[in-house]
Amino acid sequence: MSSDVKQMRKAHRVLTTMSFSPVALERGYANRTLRVDLSTRTLEWREVSEEMKRLWVGGKGFDLWLMFQEISENTVWDSPENPICLSSGPLGGTTSFPGSGKTLVTALSPLTGSVMDSNVGGYFGPFMKFAGMDAITVVGKAEEQVVLIIDAVAGTITIETAPEESVDSHLVCEELTEMYADDELDRRNIAVVAAGRGADHTRMGILNFSFYDWRRQVARLKQSGRGGIGTVFRDKNLKALVVKNRGITPAWRIAESKVAHLTRPSKIHTQCLSETEEIKDIAARYDYDPEYVIEMLEDVQERYRHISKTAIDIVSEMTGTPKSWLYHIATFYKSFSLDPKGETIIQVCMGTACHVKGAARILDSFERVLGVKAGQTTGDGRFSLEAVACLGACSLAPVVKLGEEVHGHVKAQDVEKIIASAPEAQRGGATHA
Ligand code: FES
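Keep in mind that this is a model prediction, so the values were computed, not measured.

A. Summary view of the overall build of the protein. Across its full length, the protein carries 15 helices and 17 strands. Looking at the protein residue by residue over its 433 residues, the buried ones come to 54%. Once local pairs closer than 6 in sequence are excluded, the contacts in the protein between residues at least 24 apart make up 68%.

Okay, structure coming up:
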């Protein structure tokens, strides 16, 4: 631990602590939720009823149930009882679906005054679940800036002051990840939620969910919290929420796959001999470690613009990973493709901001000019057209991304010009049908 971080930790004062043991999940449920009241500094367990499970519906029903236990018709966004509810659905607690680790967050919004829900990636939801709780409800307001630490390794939940940590989310996430990790592997089992300065000064604060990117060796953020949920978080004087998961790796595993037969490519793509050597080199780069098959497939996708049958066979053979797992991964994540993608990928944003600014017309126009539908690749292999959710540049809506180039305020009549700006093909990536 760096000395700065050591100093920061020393400055913490524990206000409340509770011991707990993680529980085994039953059909994806821990069957209890954690309620935290920052005003009274109390921590307590609440039972999950069968009715809550019936209401689960994508996680939202679960959160709403928790929320309606707390609010009344007089509750407004900055009332102490306005809860922030964070839940993870049953899938977040199973290893059957790679990447299903979403977190649902709800609170009464400072922007709309109504219940706002949001869902976000990262590992907070599943870590919370593996730590032994289906959801967390945070109510009340702390008197001073605090962090809530759920440490499933030590078996403690604490509310602590955190006077020295940064306010900016990316920094506080880095600091807390560093602070609670005993080693490099441990960093991957820590997820932090924080809201930064924007949330202090506006009603539009977003909530940032961090996870440790081991390749870049830094905590990275996923953002959620439409409607100013980050502002509610900061209004509670909550600097961050940390979950340290038990030593379960975040690399999702599929023990068996009942859907593998549904995920075959429409056409079998194979690769030539020199390329198979290259794919073997990719697997060697990761020491043939099955833990890193997602990274191997990422490298294959980047190099060949698709995951061929040959690549699946080689990665499977060299890492001992069942092919069904690899097909499952290659078909679950949008960034993978079993069919070759075009040299240039055109992404047309269909997110809310772009939608209201006429994204549908832009997409129509691309489809007409390229002669393909969204999700398809042009016959000459030059372009793949994709309709995607928010590209993170909403102020430029409607937004189109061509390769790495972002085009904002796009009009239907700009489409041909944008396509013409595509770089010439730079690399091969031969594929043999
Ligand atoms: S909605 Fe299109 S960039 Fe955000």
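Structure shown, so let's carry the discussion forward.
B. Quick look at the environment of Asp134. Inspection of the secondary structure assignment puts Asp134 in the loop between α4 (124–130) and β7 (135–139). Given a relative accessible area of 0%, Asp134 falls into the buried group. Here Ala30 takes part through its backbone nitrogen, which lies 2.8 Å from a polar atom of the side chain of Asp134.

C. Spatial organisation of unusual backbone geometry. Geometrically, the link from Ala397 to Pro398 is a cis peptide bond, its omega value of -5 degrees lying close to zero. Counting through the fold element by element, Pro398 comes out in the loop between β15 (383–388) and β16 (400–402). In this model, Asp287 sits at a positive phi of 55 degrees, which is unusual for a non-glycine residue. Take Asp287: it is sitting in the loop between α9 (273–285) and α10 (293–304).

D. View of the pattern of salt bridges. This structure, assessed with the given rule, holds 21 salt bridges. Salt-bridge contacts for Glu50 lead to Lys53; the nearest nitrogen and oxygen are separated by 3.5 Å. Pair noted here: Glu50 and Lys53 are both in helix α2 (residues 50–54), with a separation of 3 residues, about one helical turn. For Asp134, the salt bridge identified is with Lys129, shortest N-O distance 2.9 Å. For the pair shown, Asp134 and Lys129 are each scored as buried. The structure contains a network of salt bridges with shared partners spanning Arg35, Glu44, Arg46 and Glu70.

E. Main features of the pairing of β7. Of all 5 residues in β7, 5 are buried; the element is thus mostly enclosed. In β7, alternate side chains face the same way, and those of Ala135, Thr137 and Val139 on one face and Ile136 and Val138 on the other are all buried. Across 5 bridges, strand β2 (residues 32–37) lies against β7 in parallel orientation. Bridge pairing links Arg35 to Thr137 in β7.

F. The arrangement of the sheet that holds strand β11 (residues 207–213) in detail. Strand order in the open sheet formed by 7 strands is β1-β9-β8-β13-β10-β11-β12, and the pairing between neighbours is mixed. The open sheet is flanked by β1 (14–19) and β12 (218–224), the only strands paired with a single partner. Strand-to-strand twist across the sheet, computed as the mean angle between neighbouring axes with direction ignored, equals 15 degrees. On top of the sheet, helix α5 (residues 169–180) reaches β8 (146–151), β9 (156–161), β10 (190–194), β11, β12 and β13 (238–244); it is set at about 150 degrees to β10, its chief contact.

G. Inspection of empty space enclosed by the protein at higher detail. Inspection of the entire model under this criterion finds 2 cavities of 30 Å³ or more. Put simply, the second largest cavity is a space of about 60 Å³. Around the second largest cavity, the lining residues are Leu15, Leu38, Ser39, Arg41, Ala142, Glu143, Glu144, Val146 and Ile159.

H. Local environment of the packing of helix α1 (residues 3–10) against α5. Interaxial distance between α1 and α5 falls to 10 Å at its minimum, and their mutual angle equals 85 degrees. Relative to α5, α1 is oriented roughly perpendicular. Where α1 approaches α5, its residues Val5, Met8 and Arg9 are matched on the opposing element by Glu175, Glu178, Met179 and Tyr180.

Rules of the game
- Sequence order sets the numbering: in each chain, residues are counted from 1 along the sequence as written.
- Whole-chain, interface and lining totals are the exception, using all residues; otherwise, since this is a predicted model, local features are given only for residues with pLDDT of at least 70 and side-chain atom pairs are given and counted only at 80 or more.
- Hydrogens and water molecules were not included; the side-chain quantities draw on all heavy atoms of the structure.
- Helix and strand definitions here come from DSSP, where helices need a minimum of 4 consecutive H or I residues and strands a minimum of 2 consecutive E residues; each element is numbered from the N-terminal end.
- Accessible area is worked out with a 1.4 Å probe on protein chains only. A residue is then buried under 20% of its type maximum, exposed over 50%, and partly exposed in between.
- Pairs of residues are marked as contacts when any of their non-hydrogen atoms sit within 4.5 Å.
- Polar contacts, as counted here, are pairs of nitrogen or oxygen atoms within 3.5 Å of one another; within protein the pair requires one atom able to donate a hydrogen and one able to accept it, and residues that are adjacent in sequence qualify only if both atoms are side-chain atoms.
- Here, a salt bridge means any Lys or Arg side-chain nitrogen found within 4 Å of an Asp or Glu carboxyl oxygen.
- The criterion for strand pairing is that DSSP finds at least two bridges linking the strands in question.
- To obtain an axis, a line is fitted to C-alpha atoms, over the contacting stretch when the element is a helix, and the angle between two such axes runs from 0 to 180 degrees between their N-to-C directions.
- Cavities and pockets were defined on a 1 Å grid built over protein atoms only: a cavity is a set of grid points that admits a 1.4 Å probe from which the probe cannot escape, a pocket is an open set flanked by protein on both sides within 12 Å along at least five of seven lines, and lining residues are those with an atom within 4 Å of any such point.
- Grid points are joined across faces, edges and corners, and a volume is the space filled by probe spheres set on the points.
- Put simply, angles under 35 degrees are roughly parallel, angles over 145 are roughly antiparallel, angles from 65 to 115 are roughly perpendicular, and the rest are oblique.

The quantities given are spatial measurements derived from coordinates; they are silent on function.
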